[in-house]
Protein chains: 2
Amino acid sequence: MPDTTPKPKRELPRREQPRREQIHEVASRLFSERGYHATSMRELAGELGMQGGSLYAHISGKEDLLVQIVNRASQQFDEALLSLRDVNLPADEKLREAMHRHILVVADNMDSATVFFHEWKHLSPEAYTRVTGWRDSIDHFYRDLVTEGMRTGLFRPDLDVKMAALLILSTVNWTYTWFHPQGTLTPRDVADGFADMLLSGLRAR
Amino acid sequence: MPDTTPKPKRELPRREQPRREQIHEVASRLFSERGYHATSMRELAGELGMQGGSLYAHISGKEDLLVQIVNRASQQFDEALLSLRDVNLPADEKLREAMHRHILVVADNMDSATVFFHEWKHLSPEAYTRVTGWRDSIDHFYRDLVTEGMRTGLFRPDLDVKMAALLILSTVNWTYTWFHPQGTLTPRDVADGFADMLLSGLRAR
DNA sequence: CCTACCGATCGGTAGG
DNA sequence: CCTACCGATCGGTAGG
């Protein structure tokens, strides 16, 4: 298919993002702060310095925007975690690394992550199914990791795999509610701290 | 003509239940399924078998409904946990009990809990402040619990109190996303399983 | 990207 | 609790 996108009359300065990228970013912020349905296209346009109707020169509709945000978030989780599958690491170190990557994605995309966790249920059936597939694959990743740890003798042999995976997922996902990217704690700090406690337990020896 | 009215998905509102109670219940369900802003007062009225305008004979406005739901949820968390403060139990057993109560509140009010976690940021300043106060007091409760465990030698002496409290809170709060009250796992199962793993760790001895 | 506009629907009210 | 209605605002479109 030929590219029918109209060429801009002049090159934008390099530090300026493409308009679509700006829209994505501002939409993520507004959707996360006010919620998807509570954000009007006119508010979004206003923050971008344009009129409401002008948005539709760049996007096809409001739902399209939500789908984009959620899709890109899923994709980032996917890339971060699934590439770890084949890495040759002991299960405990792999867990630490997975949690770090997982938290990094959340921390680097606090807005999209919030939208992702809050609005994915309200997507159209098609997009909904894709997100459900993502959730399953991430869940599967952590279950496999736990299973491997048990098989290699690094993890307790009596673990409930499903519950252990849920325990891990809870801690990394919930970061979207409290983490402050500008704070003193880095994603590395959080991942290391959480992984240590999860691996060794709170109880004194 | 047969009655084609769709039956309510959960429990049939009991006839002797006050109207306000029914409204609260249905509103919780709709707000949790579709989101607060995406739910119209006419949909809510429809599910209750009345016309849109008739709702206002019972409530003062839509926001009032949200405030009620969030307030009652906060209250239930408060009652469940803060009464544990003065109970004389070793820290590990108290942790298990606190997690059980916490998860029980979520499990018994999946809809309100979802609304609570998703919409509290969108409340009016007054209600927002109250919820923030609740969050702080629950956070405080878990931090005190961890501190006590360290002081009495039951917990590792090198714990980061703040991080440990966040770890615990993550696991109990996140249950609102995956727990199924009709499933085979009971809140007791989840609390015991999670508490065991948190206390003893995933690592083999 | 703007102006001007569409039908639909929103939360809420008046009067019964 | 209903009927009838309000002004406001919604997402989106046409034509430039």
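Residues numbered from 1 in each chain as written. Chains lettered and ligands numbered in written order. Predicted model: local features only at pLDDT ≥ 70, side-chain atom pairs only at ≥ 80, totals over all residues. Heavy atoms only, no water.

An unreviewed UniProt entry annotates chain A as TetR/AcrR family transcriptional regulator of Deinococcus cavernae.

All names here are of chain A. As enumerated under the stated definition, the model contains 28 salt bridges over all chains in all. Here E47 ties to R34 by a salt bridge, and the two come within 3.8 Å at their closest N and O atoms. Remark: R34 occurs in helix 1 (residues 19–34) and E47 occurs in helix 2 (residues 41–47); sequence separation between them is 13 residues. Judged by relative accessible area, which is 29%, R34 ranks as partly exposed. It is possible to trace a salt-bridge network through shared partners that takes in R29, E33, R34, E43 and E47. (Salt bridge = Lys/Arg side-chain N within 4 Å of Asp/Glu carboxyl O. Helix = DSSP H or I, 4+ residues; strand = E, 2+ residues; numbered from the N terminus. Buried < 20%, exposed > 50% of the residue type's maximum accessible area, 1.4 Å probe, protein only.)

Residue and element names in this part refer to chain A. Per the domain assignment, the segments making up chain A are domain 1 (19–57) and domain 2 (62–200). For domain 1 versus domain 2, the separation of C-alpha centres amounts to 28 Å. Counting residues at the interface gives 15 residues for domain 1 and 13 residues for domain 2. Area buried by domain 1 at its contact with domain 2 is led by H24, F31 and Y36, which between them contribute 45% of it. On the surface where domain 1 and domain 2 come into contact, there are one salt bridge. R72 serves as the salt-bridge partner of E21, at 2.8 Å between the closest nitrogen and oxygen. (Domains from an automatic or database assignment. Contact = heavy atoms within 4.5 Å. Buried area = accessible area lost by both parts, 1.4 Å probe.)

The next point concerns empty space enclosed by the protein. This model, assessed by the stated rule, comprises one cavity of 30 Å³ or more. The wall of the largest cavity is formed by 31 residues, among which A:F117, A:H118, A:E119, A:H122 and B:H118 lie closest to the centre. Of all elements in the fold, only helix 1 and helix 5 (110–119) of chain A together with helix 1 (19–34) and helix 5 (110–119) of chain B reach the threshold of two or more residues within the lining of the largest cavity. Among the elements that make up the lining of the largest cavity, the one with the highest residue count is helix 5 of chain A (five residues). (1 Å grid on protein atoms, 1.4 Å probe; cavity = no way out; pocket = protein on both sides within 12 Å on 5 of 7 lines; lining within 4 Å. Points joined across faces, edges and corners; volume = space filled by probe spheres on them.)

Turning our eyes to something else, we now look at the protein's contact with DNA strand D. Every one of the 16 residues lining DNA strand D counts as a neighbour, but A:R42, A:Y56, B:Q51, B:S54 and B:H58 are closest to it. Near the protein, within 4 Å, the atoms of DNA strand D are sugar or phosphate in 63% of cases. For DNA strand D, a phosphate oxygen lies 2.7 Å from a polar atom in the backbone of B:Q51. Looking at the surface near DNA strand D, its residues break down into four nonpolar, eight polar and four charged. (Near = heavy atom within 4 Å. Polar contact = N/O pair within 3.5 Å; in protein donor to acceptor, adjacent residues only side chain to side chain. Nonpolar A, V, L, I, M, F, W, Y, C, P; charged D, E, K, R; others polar.)

Attention shifts here to the UniProt feature "domain: HTH tetR-type" (unreviewed entry) in chain A. As annotated by UniProt and renumbered to match this structure, "domain: HTH tetR-type" (unreviewed entry) occupies residues 17–77 of chain A. Secondary structure over residues 17–77 of chain A splits into 64% helix and 0% strand, and the C-alpha atoms at its two ends are 23 Å apart. (UniProt positions renumbered as here; feature names shortened; annotations may be inferred.)

This paragraph deals with the interface of chain B and chain A. Every contact between the two is made by 43 residues of chain B and, on the other side, 43 residues of chain A. When the two sides are added together, the surface that chain B and chain A hide from each other amounts to roughly 4300 Å², 66% of it contributed by carbon and sulfur. Looking at the side of chain B facing chain A, the largest losses of area belong to B:W174, B:L202 and B:R203, adding up to 21% of the total buried there. Counting across the interface, chain B meets chain A through two salt bridges. Close ionic contact of A:R203 with B:D92 constitutes a salt bridge, the shortest N to O distance being 2.8 Å. At the boundary of chain B with chain A, the tally comes to 16 residue pairs in polar contact (both at pLDDT 80 or more). At the level of elements, helix 1, helix 4 (91–108), helix 5, helix 7 (161–173) and helix 8 (187–200) of chain B are the ones that each hand at least two residues to the side of chain B that touches chain A. It is helix 8 of chain B that provides the largest number of residues to the side of chain B that touches chain A, a total of nine residues. Its residues placed into classes, the side of chain B that touches chain A shows 22 nonpolar, 12 polar and nine charged.

Here we take up the protein's contact with DNA strand C. Residues in close proximity to DNA strand C total 14 residues, the closest being A:Q51, A:S54, A:H58, B:R42 and B:Y56. Measuring from a phosphate oxygen of DNA strand C, one finds a side-chain N or O atom of A:S54 at 2.6 Å. The side chain of B:Y56 places a nitrogen or oxygen atom 2.7 Å from a phosphate oxygen of DNA strand C. By residue class, the composition of the surface near DNA strand C is four nonpolar, seven polar and three charged.

Among the structural elements, A:L84 can be located in the loop between helix 3 (62–82) and helix 4 (91–108). Residue contacts for A:L84: discarding those within four places in its chain leaves A:K94, A:E97, A:A98, A:R101 and A:F141.

Another point: the nonpolar core. In terms of nonpolar packing, the biggest core is built from 136 residues, with A:L44, A:Y142, B:L44 and B:Y142 touching the most fellow members. Filtering out sequence-adjacent residues up to four positions away, B:Y142 remains in contact with B:L81, B:A98, B:M99, B:H102, B:A165, B:I168, B:L169 and B:V172. (Core = buried A, V, L, I, M, F, W, Y, C linked by side-chain atoms within 4.5 Å.)

What follows deals with the UniProt feature "DNA-binding region" (unreviewed entry) in chain A. Residues annotated in UniProt with the feature "DNA-binding region" (unreviewed entry) correspond here to residues 40–59 of chain A. Here residues 40–59 of chain A is 35% helix and 0% strand, with 14 Å between the C-alpha atoms at its ends.

Quick look at the environment of A:L66 now. Residue and element names in this part refer to chain A. Its location among the elements puts L66 in helix 3. Between the C-alpha atom of L66 and that of R130, which follows or precedes it by 64 residues, the distance is 13 Å. Setting aside its immediate chain neighbours within four residues, L66 contacts F31, Y36, V115, E119 and L123.

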